[in-house]
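Understanding the architecture of this molecule
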Amino acid sequence: MSAKHWAILLLTATLFGSSFLFLNIAVAVIPPLTLSALRVGIAAVFMGGVLLATGNRLPALGRQWGPLLVLGILTAAIPYFAIAWGQTRISSSLGGILFATIPIFTIVIVPFVTRDTELNLSRIIGVAIAFAGVLAAVGPSVSGGLAEQLAGALVTLLAAFCYAIGNIYARRQTGISPLVMTAGQLIMGSVILVPLAVGFDPAISLKMSPLIWACVLAVAIASTAAPVLLMFWLVRNAGPANTSNLAFFIPIAAVVLGTFVMQDAIAGSTWIGFAMILLGALLATGTLAPRKSQPA
């Protein structure tokens, strides 16, 4: 990966990582299904405005919407609801830890569906080191055991699994621009989640505190629309396996943002974990892989 790829990856991870903070605050007042519907609905409206402003258009109704529906299910409807529901049962830190399984799912799945990436020893070692780094970085902030939070953990793992498949699928949709792909998958996610929220959740009060509304808007735009667009750009230009390294940096971003917002102290193990994550990411992406010697 180039320096530009790494810079965009870190920015995307920071934006995604902020979602755990915003969701953790908002889900105490808004039911998970309604919160996920608000998140994807507002993000879809925002991206629709971006499309209009840039002169882009959504495809005409027909077969071209098939891939957008698949992406809407895999990268919006299922994971957004799963993450919000999981946040009612596990901490945001534990949610970030579990999201580090995205590269594990991706590295295992990619060789079976594309020849772009080989499952070699360097990648396997990189994934193991980076995952251990995530545990070291955010482990001190996790309270309670995983066993008593099993339901929330499993649902959050489902979100990670869906993201991994969605990233791989998005890589193969070369005929759709990242901007249209982002808007389209958010629209399809809204088509799925909004009716479900209206049908199954009680109506929420519009007189919620400004803080809650601010969190809803932040998670929809800053933590959803913007990073999803950047993520699809990375998938297209850096590949799904490299993009999956977002999962290593998302929990770090969540911990750092929590420290500045909530005044939490950062443990020394967090910095050690960050170094392990960086090393693991470099190995998993092949950046530190030994170069093959060229014949003279």
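This is a predicted model, so every value here is computed, not measured.

Let us now look at the overall build of the chain. For the chain, the helix and strand inventory stands at 12 helices and zero strands. What you see in the chain, going N to C, is helices and strands ordered as α-α-α-α-α-α-α-α-α-α-α-α. Counting over 296 residues, the chain shows a buried share of 50%. Restricting the contact set of the chain to residue pairs at least 6 apart, pairs at least 24 apart contribute 90%. When the accessible surface of the chain is split by element, carbon and sulfur atoms take 70% of a total near 13400 Å².

When the terminal C-alpha atoms of helix α9 (residues 210–238) are compared, their 39 Å separation across 29 residues agrees well with the 42 Å that a helix rising 1.5 Å per residue should span. Where α9 bends most, at Ala-218, the angle is about 35°. Residue Gly-239 follows α9 closely and has a positive phi angle near 95°.

Once that is clear, we can look at the packing of aromatic side chains. Counted by the stated rule, this structure contains two aromatic pairs. Ring geometry for Trp-6 versus Phe-249: centroids 6.2 Å apart, planes at 80°, classification edge-to-face. You can see Trp-6 sitting in helix α1 (residues 3–26) and its partner Phe-249 sitting in helix α11 (residues 246–262), a full 243 residues away along the chain. For Trp-6, a relative accessible area of 14% corresponds to the buried category. With a centroid separation of 5.2 Å and an interplanar angle of 85°, the aromatic rings of Phe-105 and Phe-161 are classed as edge-to-face. Of this pair, Phe-105 sits in helix α5 (residues 102–113) while Phe-161 sits in helix α7 (residues 150–171); the two residues are 56 residues apart in sequence, bridging distant segments of the chain.

The subject of this paragraph is the nonpolar core. With 74 residues, the main nonpolar core has Phe-99, Leu-186 and Phe-249 as its most contacted residues. With 11 residues, α9 is the largest single contributor of residues to this core. Those residues in contact with Leu-186, other than ones at most four positions away along the chain, are Val-40, Ala-43, Ala-44, Met-47, Tyr-80, Thr-224 and Ala-225.

Turning next to the packing of α5 against α7. Where α5 meets α7, the axes come as close as 9 Å, and the angle between the chain directions of the two elements is 40°. In terms of orientation, α5 lies oblique with respect to α7. By crossing handedness, the relation of α5 to α7 is classed as right-handed. Contacts between α5 and α7 pair Ile-102, Phe-105, Thr-106, Ile-109, Val-110 and Val-113 from the former with Leu-157, Ala-160, Phe-161, Tyr-163, Ala-164, Ile-165 and Ile-168 from the latter. Classifying every residue of the contact of α5 with α7 by side-chain character gives 12 nonpolar, one polar and no charged.

The next thing to look at is the environment of Gly-48. Along the chain, Gly-48 falls in helix α2 (residues 32–54). What makes Gly-48 partly exposed here is its relative accessible area of 24%. Note: C-alpha distance between Gly-48 and Leu-58 (10 residues apart in sequence) is 8.9 Å.

Attention shifts here to α7. Over its 22 residues, α7 extends 32 Å from the first C-alpha to the last, a length consistent with the 32 Å expected when each residue adds 1.5 Å. For α7, the complete set of buried residues consists of Gly-152, Ala-153, Thr-156, Ala-159, Ala-160, Cys-162, Tyr-163, Ala-164, Gly-166, Asn-167, Ile-168 and Ala-170.

Within the secondary structure, Asp-201 sits in the loop between α8 (178–200) and α9. Put simply, Asp-201 is tucked away with no salt bridge, and the nearest opposite charge, on Arg-89, sits 11 Å away. Side-chain polar atoms of Asp-201 contact the side chain of Thr-34, separated by 2.8 Å. Beyond its immediate chain neighbours, meaning those up to four positions away, Asp-201 contacts Pro-31, Leu-33, Thr-34 and Leu-196.

Turning our attention to the packing of α2 against α8. Between α2 and α8, the least distance of the axes is 7 Å, while the angle of their chain directions is 145°. Between α2 and α8 lies a crossing of left-handed hand. Broken down by class, the residue content of the contact of α2 with α8 amounts to 18 nonpolar, seven polar and no charged.

Together, Leu-69, Ile-73, Ile-78, Leu-158 and Phe-161 give the surface a local cluster of nonpolar side chains, amounting to about 350 Å² of exposed area. Mapped onto the nonpolar patch, the elements with two or more residues apiece are α3 (65–86) and α7. Among the elements that make up the nonpolar patch, the one with the highest residue count is α3 (three residues). A relative accessible area of 32% means that Phe-161 is categorised as partly exposed.

About the cut-offs
- Residues numbered from 1 in each chain as written.
- Predicted model: local features only at pLDDT ≥ 70, side-chain atom pairs only at ≥ 80, totals over all residues.
- Heavy atoms only, no water.
- Helix = DSSP H or I, 4+ residues; strand = E, 2+ residues; numbered from the N terminus.
- Buried < 20%, exposed > 50% of the residue type's maximum accessible area, 1.4 Å probe, protein only.
- Contact = heavy atoms within 4.5 Å.
- Areas by Shrake-Rupley, 256 points an atom, 1.4 Å probe, with all protein chains shown as cover.
- Expected span 1.5 Å × (residues − 1).
- Bend = angle between axes of the 7 residues up to and from the residue.
- Phe/Tyr/Trp six-rings, centres within 6.5 Å; stacked < 30°, edge-to-face > 60°.
- Core = buried A, V, L, I, M, F, W, Y, C linked by side-chain atoms within 4.5 Å.
- Axes fitted to C-alpha atoms, helices over the stretch in contact; angles between N-to-C directions.
- Parallel < 35°, antiparallel > 145°, perpendicular 65-115°, else oblique.
- Left-handed = near helix turned anticlockwise from the far one by under 90°.
- Nonpolar A, V, L, I, M, F, W, Y, C, P; charged D, E, K, R; others polar.
- Lys, Arg positive; Asp, Glu negative; His and termini not counted.
- Salt bridge = Lys/Arg side-chain N within 4 Å of Asp/Glu carboxyl O.
- Polar contact = N/O pair within 3.5 Å; in protein donor to acceptor, adjacent residues only side chain to side chain.
- Patch = residues over 30% accessible without salt bridge, like charges linked within 9 Å, V, L, I, M, F, W, Y side chains within 5 Å.

Read these as spatial facts, not as claims about activity.
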